[in-house]
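Understanding the architecture of this molecule
Take a look at the letters that make up each chain.
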Amino acid sequence: MNRFHVERMPRPELDLAIEAAAREGWNPGLHDAECFWAIDPTGFFMGVMDGRVVGRASAVAYDDRFAFVGLYIVAPEFRGLGYGMAITQALMRHVGDRNAGLDGVTSMVEKYGRLGYRPAHRSIRHVYTPRQALDPDGRIVDAESVDFERLADYDARHFSAPRPTFLARWIAQPGATALAFVEDGEIGGYGVIRPCRTGFKIGPLFAEDERAADALFAALGNHGLGGPVYLDVPEPNRDGMALAGRYGMTPEFECVRMYLRGDPGLPLDRIYGITAFEIG
């Protein structure tokens with residue numbers, strides 16, 4: 001008789017989960033595993049059949065109010081057999097009474113809806129290849145030169161929970177560039193570009209207005225010359241969609257942001273690029 005159970009991943013197994021994401025075409029960052037693990041080491045689960053891992057997923061808890069679900073992948077030969085649902089139930093137990101978000105592919109929206117998740121908006125992945133460095137805006141500075149508490153506070157105003165431990169690792173990961181827009185001593189936005197299996201991804205890209213977003217995007221693009229460079233824009237942000245169009249970015253892929261206990265009402269007009277589909 002086959003014996004199946006769900007258990008928490010040890011840290012090395014997360015590297016294999018990222019490899020599985022790469023095989024699915026999700027193009028993860030080169031150092032995503034270390035950054036994701038810092039959010040909540042207890043939030044990663046795997047389904048095991050007679051010693052073989054047949055599926056993985058995460059439900060990282062940022063605090064006692066908000067979690068984010070991602071990295072849900074069941075091996076193709078084990079799909080449709082109920083193993084994914086067993087993993088999902090373990091995730092739901094870990095989420096508990098928290099609100100939870102996820103970015104689901106359109107084919108999975110109905111399934112997530114049966115679990116209680118409700119759509120909030122679409123996010124559209126755009127891609128382009130920057131060929132020429134652009135003149136930097138004088139208000140763009142290295143994000144690590146900004147007081148970290150102020151940067152973490154700015155980040156928290158654009159996310160559903162404070163995430164300073166994650167943020168510290170995200171902006172300092174190898175090969176990444178983190179920039180901030182600072183005017184009259186005030187943070188007007190910040191963004192990160194990180195190396196991925198293919199090219200680079202910009203995320204997050206938070207900005208008070210379109211001029212700050214444009215300056216950050218251009219400066220970040222200078223670190224992705226030769227690309228491709230990807231940006232995941234919340235569709236309700238019309239300025240963000242227009243920015244992608246101005247730079248000749250091509251829509252490539254979309255996800256639907258869903259929440260388990262109600263839309264938290266993030267300021268989407270200031271979110272020009274989400275951090276990552278896997279962790280919000």
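Going by an unreviewed UniProt entry, the protein carries the name GNAT family N-acetyltransferase and comes from Paludisphaera mucosa.

Let us look at the environment of Ala212. Among the structural elements, Ala212 can be located in helix α7 (residues 210–221). When its relative accessible area of 1% is taken as the criterion, Ala212 is described as buried. As a C-alpha pair, Ala212 and Gly189 span 23 residues in sequence and 6.4 Å in three-dimensional space. Among residues more than four places away in sequence, those in contact with Ala212 are Phe181, Gly188 and Ala207.

Let us now look at unusual backbone geometry. In this structure, Pro204 follows Gly203 across a cis peptide bond, with omega equal to 0°. Here the amide bond leading from Gly227 into Pro228 is cis, since omega sits at 0°, within 30 degrees of zero. Topologically, Pro228 is positioned in the loop between α7 and β11 (229–234). Of note, Asn27 is a non-glycine position whose phi angle comes to about 55°, a positive value. Mapped onto the secondary structure, Asn27 falls in the loop between α1 (11–23) and α2 (32–39). Backbone geometry at Leu71 places phi at a positive 55°, although glycine is not the residue there. Relative to the helices and strands, Leu71 resides in strand β4 (residues 66–74). For Leu71, a relative accessible area of 4% corresponds to the buried category.

Residues Leu14, Phe36, Phe44, Tyr62, Leu151, Tyr190 and Ile279 are the most contacted members of the largest nonpolar core, which totals 47 residues. Ignoring anything within four residues of it in the chain, the contact list for Phe44 reads Glu7, Arg8, Met9, Leu14, Phe36, Trp37, Ala57, Ser58, Val60 and Leu71. Among the nonpolar cores identified, the runner-up in size contains 26 residues, and Val54, Ala75, Ile87 and Tyr112 belong to it.

Glancing now at helix α5 (residues 148–156). Every buried residue of α5 is accounted for by Leu151, Ala152, Tyr154 and Asp155. Around the axis of α5, the buried residues are gathered within 160° of arc, so they sit on the same side. Residues of α5 that are buried make contact with α6 (164–172), β9 (186–195) and β10 (200–207).

The subject of this paragraph is the packing of α2 against α6. The interhelical angle for the contact between α2 and α6, taken along N-to-C directions, is 165°, at an axis separation of 8 Å. Our classification of the angle between α2 and α6 gives roughly antiparallel. Here the hand of the crossing between α2 and α6 comes out right-handed. Across the interface between the two elements, Asp32, Glu34, Cys35, Phe36, Ala38 and Ile39 from α2 touch Thr165, Phe166, Arg169 and Trp170 from α6. Looking at the contact of α2 with α6 residue by residue, the class counts come to 6 nonpolar, 1 polar and 3 charged.

Under the definition given, this model contains 24 salt bridges. Between Arg79 and Glu24 there is a salt bridge; the shortest N-O distance is 2.9 Å. Here Arg79 is found in the loop between β4 and α3 (83–95), whereas its partner Glu24 is found in the loop between α1 and α2, with 55 residues between them in sequence. In this structure Arg79 comes out as partly exposed when scored by relative accessible area, which is 42%. Judged by its relative accessible area of 36%, Glu24 falls in the partly exposed class. Here Glu254 makes a salt bridge to Arg122, at a shortest N to O gap of 2.7 Å. Linking Glu254 in strand β12 (residues 250–259) with Arg122 in strand β6 (residues 118–128), this pair joins segments that are 132 residues apart in sequence. Residue class for Arg122 comes out partly exposed when judged on its relative accessible area of 31%. Shared partners join several salt bridges into a network, and the residues in it are Asp137, Arg139, Glu183, Asp209 and Arg211.

What counts, and where the lines are drawn
Residues numbered from 1 in each chain as written. Predicted model: local features only at pLDDT ≥ 70, side-chain atom pairs only at ≥ 80, totals over all residues. Heavy atoms only, no water. Helix = DSSP H or I, 4+ residues; strand = E, 2+ residues; numbered from the N terminus. Buried < 20%, exposed > 50% of the residue type's maximum accessible area, 1.4 Å probe, protein only. Contact = heavy atoms within 4.5 Å. Core = buried A, V, L, I, M, F, W, Y, C linked by side-chain atoms within 4.5 Å. Arc of directions from axis to C-beta. Axes fitted to C-alpha atoms, helices over the stretch in contact; angles between N-to-C directions. Parallel < 35°, antiparallel > 145°, perpendicular 65-115°, else oblique. Left-handed = near helix turned anticlockwise from the far one by under 90°. Nonpolar A, V, L, I, M, F, W, Y, C, P; charged D, E, K, R; others polar. Salt bridge = Lys/Arg side-chain N within 4 Å of Asp/Glu carboxyl O.

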